[in-house]
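As a plain string of letters, each chain reads:
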Amino acid sequence: MTATVPVLTIDGPSGSGKGTISRLVAQRLGWHYLDSGALYRAVGVAAGWADLDLDDAGALVRCTFDTKVDFRDDGSELRVIVNGNDATDELRTETAGAAASAIAAIPEVRAALKERQRVFRVAPGLVADGRDMGTVIFPDAAFKVFLTASAEERADRRYKQLKNKGVSVTMDGLLREILARDARDANRAVAPLRPAEDAVRIDTTGLDIATVVERVLALLPGQGG
Ligand SMILES: Nc1ncnc2c1ncn2[C@@H]1O[C@H](COP(=O)(O)OP(=O)(O)OP(=O)(O)O)[C@@H](O)[C@H]1O
Ligand SMILES: Nc1ccn([C@H]2C[C@H](O)[C@@H](COP(=O)(O)O)O2)c(=O)n1
């Protein structure tokens, strides 16, 4: 009975720290981890490889069904294998994020990915990060968090992250991309980015990673909560 397996959902906008916090919390709990955004990014990248038009909803839906995604934890990073190719680095680009955000607005794409996310609910528990984990995919989750941070701080985090990887970016450009993605993810008709009514909101502006991890763990009985 998967419904008895506990789930902690961590939703929020781009750069709020969902991936970082979810992974660390899952490690601390010994639970599984679902990076749902990686599924949308994988479809976006596969669509790019196939030279598909991002306006061709039918082709994108077929691409969603055809795209095989595997996750491999190499100890320091979650590697994402798309159709047999390690696409981890390509997936993390802003181009892949923007493509994922566009594709994610297609209702049939979301429907096609629904069960593929729910199968991650395996004992002893799951930490799931995304935009609609608490509202649509795991509405019965026992623990729900919605992470936020100011757009400026999120752009600054992304700037430092990309600079560390040697990627050339500007703060202005990143801020524009973050605001555009926020708007598209929050305003789409299906499963828009929004906190579940029973989610605990944590504004991470000015908080370091360790503090946010402890605040999330404090929500779980026996983990400080
Ligand atoms: N509380 C925090 N304080 C400072 N930096 C943080 C914090 N949380 C995350 N970061 C850093 O911000 C960057 C973005 O974090 P992360 O990728 O986890 O965000 P995200 O919400 O998953 O973004 P996306 O939705 O685009 O995948 C990373 O470099 C991460 O180390
Ligand atoms: N549950 C989800 C996860 C992701 N998306 C879409 C919208 C995002 O902009 C894009 C990339 O996600 P990220 O890797 O940045 O978390 O994918 C979504 O609609 N629902």
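Computed from a predicted model, the values in this text were never measured in an experiment. (Residues numbered from 1 in each chain as written. Chains lettered and ligands numbered in written order. Predicted model: local features only at pLDDT ≥ 70, side-chain atom pairs only at ≥ 80, totals over all residues. Heavy atoms only, no water.)

## Focus on the site of ligand 1
And then number 1: Around ligand 1, the surrounding shell holds 19 residues, and the nearest of these are S14, K18, T20, R92 and R158.
And then number 2: At 3.2 Å from an oxygen atom of ligand 1 is found a main-chain nitrogen or oxygen belonging to S16.
And then number 3: Contacts to ligand 1 include T20, whose side-chain N or O atom sits 2.5 Å from an oxygen atom.
And then number 4: Here ligand 1 loses 83% of its free accessible area of 630 Å² to cover by the protein chains.
And then number 5: Where the shell around ligand 1 is concerned, the elements lending two or more residues are α1 (18-29), α8 (151-164) and α10 (209-217). (Near = heavy atom within 4 Å. Polar contact = N/O pair within 3.5 Å; in protein donor to acceptor, adjacent residues only side chain to side chain. Areas by Shrake-Rupley, 256 points an atom, 1.4 Å probe, with all protein chains shown as cover. Helix = DSSP H or I, 4+ residues; strand = E, 2+ residues; numbered from the N terminus.)

## A look at the domain arrangement of the protein
Note on interface size: it is often stated as the accessible area lost on association of the parts.
And then number 1: For the protein, the domain assignment lists domain 1 (1-31 + 124-216) and domain 2 (37-121).
And then number 2: Distance between the C-alpha centres of domain 1 and domain 2: 18 Å.
And then number 3: Contact with domain 1, which involves 24 residues of that partner, is made by 22 residues of domain 2.
And then number 4: For the pair domain 1 and domain 2, the summed buried area comes to about 2000 Å², and 46% of that belongs to carbon and sulfur atoms.
And then number 5: In terms of surface lost to domain 2, no three residues of domain 1 exceed R23, I137 and R181, which account for 27% of the buried area on that side.
And then number 6: Connecting domain 1 to domain 2 are four salt bridges.
And then number 7: Scanning the region where domain 1 abuts domain 2 turns up ten residue pairs in polar contact (both at pLDDT 80 or more).
And then number 8: When residues of the side of domain 1 that touches domain 2 are traced back to their parent elements, those giving at least two are β6 (126-130), α7 (133-137), α8 and α9 (171-187).
And then number 9: The element best represented in the side of domain 1 that touches domain 2 is α9, accounting for five residues. (Domains from an automatic or database assignment. Contact = heavy atoms within 4.5 Å. Buried area = accessible area lost by both parts, 1.4 Å probe. Salt bridge = Lys/Arg side-chain N within 4 Å of Asp/Glu carboxyl O.)

## A look at the site of ligand 2
And then number 1: Inspection of the region around ligand 2 gives 16 residues, with R41, R110, R131, R181 and D185 positioned closest.
And then number 2: R110 places a polar side-chain atom, nitrogen or oxygen, 2.8 Å from an oxygen atom of ligand 2.
And then number 3: Where the shell around ligand 2 is concerned, the elements lending two or more residues are α2 (36-49), α5 (94-103) and α9.
And then number 4: The element best represented in the shell around ligand 2 is α2, accounting for four residues.

## Things to note about the nonpolar core
And then number 1: Ranked by internal contacts, the top residues of the largest apolar core, which has 31 residues, are L34, V82, L91, V109 and F138.
And then number 2: Counting only elements with at least two residues in this core, the list comes to α2, α3 (57-66), β4 (78-82), α5, α6 (107-118), β6 and α7.
And then number 3: Among the elements that make up this core, the one with the highest residue count is α2 (eight residues).
And then number 4: Shared between two domains, this core takes at least three residues from each, and those domains are domain 1 (1-31 + 124-216) and domain 2 (37-121).
And then number 5: For L34, the contacting residues outside a window of four places in its chain are L39, Q117, F120, L126, V127, A128, D129, M133 and F138.
And then number 6: Counting residues in hydrophobic clusters, the runner-up holds 19 residues, among them L29, W31, Y33 and L147. (Core = buried A, V, L, I, M, F, W, Y, C linked by side-chain atoms within 4.5 Å. Buried < 20%, exposed > 50% of the residue type's maximum accessible area, 1.4 Å probe, protein only.)

## Remarks on the sheet that holds β6
And then number 1: Sheet architecture is open: five strands sit in the order β2-β6-β1-β7-β8, paired in parallel fashion. The sheet is open, and its two borders are formed by β2 (32-35) and β8 (200-203), each paired with just one other strand. For this sheet the average axis-to-axis angle between neighbouring strands, irrespective of direction, equals 20°.
And then number 2: Across four bridges, the pairing between strand β1 (residues 7-11) and strand β7 (residues 143-148) is parallel. Looking at the pairing, D11 lines up with F146 of β7. (Pairing = 2+ DSSP bridges. Axes fitted to C-alpha atoms, helices over the stretch in contact; angles between N-to-C directions.)

## Brief notes about the pairing of β6
And then number 1: When you tally the buried positions in β6, you get five out of five residues, the bulk of the element.
And then number 2: Taking every second residue as pointing to the same face, both faces of β6 are buried, with L126, A128 and G130 on one and V127 and D129 on the other.
And then number 3: Bridging between β1 and β6 involves five bridges; their strand directions are parallel. Directly across from T9, in β6, lies its bridge partner A128.
And then number 4: With four bridges joining them, β2 and β6 adopt parallel strand pairing. When the sheet's bridge partners are listed, D35 is paired in β6 with D129.

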